[in-house]
Every structure is written in C-alpha cells, then in structure tokens.
Amino acid sequence: MAKFVLSDNYNKNLERIEDYILESSESIDSVSYFLDQHDKVLQFIEQNPTTASPHPITGDQTWVFGEGRYRIFFKCNGSGATLTINLLHIIDNKELNQSIYPGNKIPTYDED
C-alpha cells in the first residue's frame, strides 16, 4: 500500500474546492460525490504510478478526474511497498489557474 503525503498547498486547495462545491450546490451529496471521485483517482494512481509521464522540467505528474474538471499534481518516489506519492497541488480546471497555465486569459468583449 502506498503512502500518500499531502502538501499544505494541496490541503488548502482541496478544502477550497470542497467549500466551493458546498456553497454553490448547497448539497453535501455533491461534496461526497467529489470526494468519492478524488478517492478513486488516488486509488488509480496508487495502482498505476508510472502511467502519467513526468513533466520534463518540473518532474511532477498530473492526472485529471471528475470528468476532466479537476487535476492533481503529484510525484511518485519508490515502488511497491515503499511507494510514496506526494500530492503537490489540486486545481479546478474551470478556474483561470494562470500560475499553472500562464497563457490562459479571461475572454472580454468590446462594446461597439
């Protein structure tokens, strides 16, 4: 069984996403669904730690879940019984995420 290590950044953003889901849906079931999807992606990564190729510059790996809405960033160290998965960051792909995708822009409209 792999050991998961959550960074402070990961924890902070996971809580922020949970809060947003609860506030926007006003449904604890929606938060539970998100957390179930999150657990499933962690299980997948644990079983397939080399599936996501490491980024050539940063060395981290990413994987999407929740029908592509969310993305986790992680690094795997070791293998088998000594596998450690460091969860670095989690994002909501519906947000701008300009620190990760510097080319992203919010579309604007010009009035005639």
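Note on numbering: residues in each chain are counted from 1, in written sequence order. The predicted nature of this model means local features are confined to residues of pLDDT at least 70 and side-chain atom pairs, given and counted, to a pLDDT of 80 or more, with totals for whole chains, interfaces and linings taken over all residues. Side-chain descriptors were evaluated using all non-hydrogen atoms of the structure, hydrogens and water having been removed beforehand.

J.: Any chance you could explain the sheet that holds strand β2 (residues 61-65) here in plain terms?
T.: The pairing of strands in a sheet happens through backbone hydrogen bonds and is either parallel or antiparallel. Spatial ordering of the open sheet is given by β1-β4-β3-β2, a layout of four strands whose pairing is mixed. Each end of this open sheet is capped by a strand with a single partner; those strands are β1 (3-6) and β2. Neighbouring strand axes in the sheet, compared pairwise and without regard to direction, differ in orientation by 35 degrees on average. As defined by bridge partners, strand β3 (residues 70-77) adjoins strand β4 (residues 84-92) across eight bridges and the pair is classed as antiparallel. By the bridge assignment for β4, Lys-75 is matched with Asn-86. Whether two residues are in contact is decided by their heavy atoms: any pair within 4.5 Å suffices. In this description, a line fitted to the C-alpha atoms serves as the axis of each element, helices being fitted only across the stretch in contact, and the angle between N-to-C directions of two axes falls anywhere from 0 to 180 degrees. Per the convention used, a helix needs a DSSP run of H or I reaching at least four residues, while a strand needs a run of E reaching at least two, with both numbered from the N terminus. Sitting on the sheet, helix α1 (residues 8-25) is in contact with β1, β3 and β4, with an inclination near 40 degrees to β4. Sheet strands touched by helix α2 (residues 28-47): β1, β2, β3 and β4. Its angle to β2, the strand with the most contacts, is close to 140 degrees. At least two bridges found by DSSP between two strands is the condition for calling them paired.

J.: Please explain the pairing of β4 as it appears in this structure.
T.: Consecutive side chains of a regular strand alternate in pointing toward one face of the sheet and then the other. Accessible area is worked out with a 1.4 Å probe on protein chains only. A residue is then buried under 20% of its type maximum, exposed over 50%, and partly exposed in between. Of all nine residues in β4, seven are buried, a share of seventy percent or more. Taken together, the four bridges between β1 and β4 define a ladder with parallel strand orientation. Counted as the bridge partner of Leu-6 is Leu-87 from β4.

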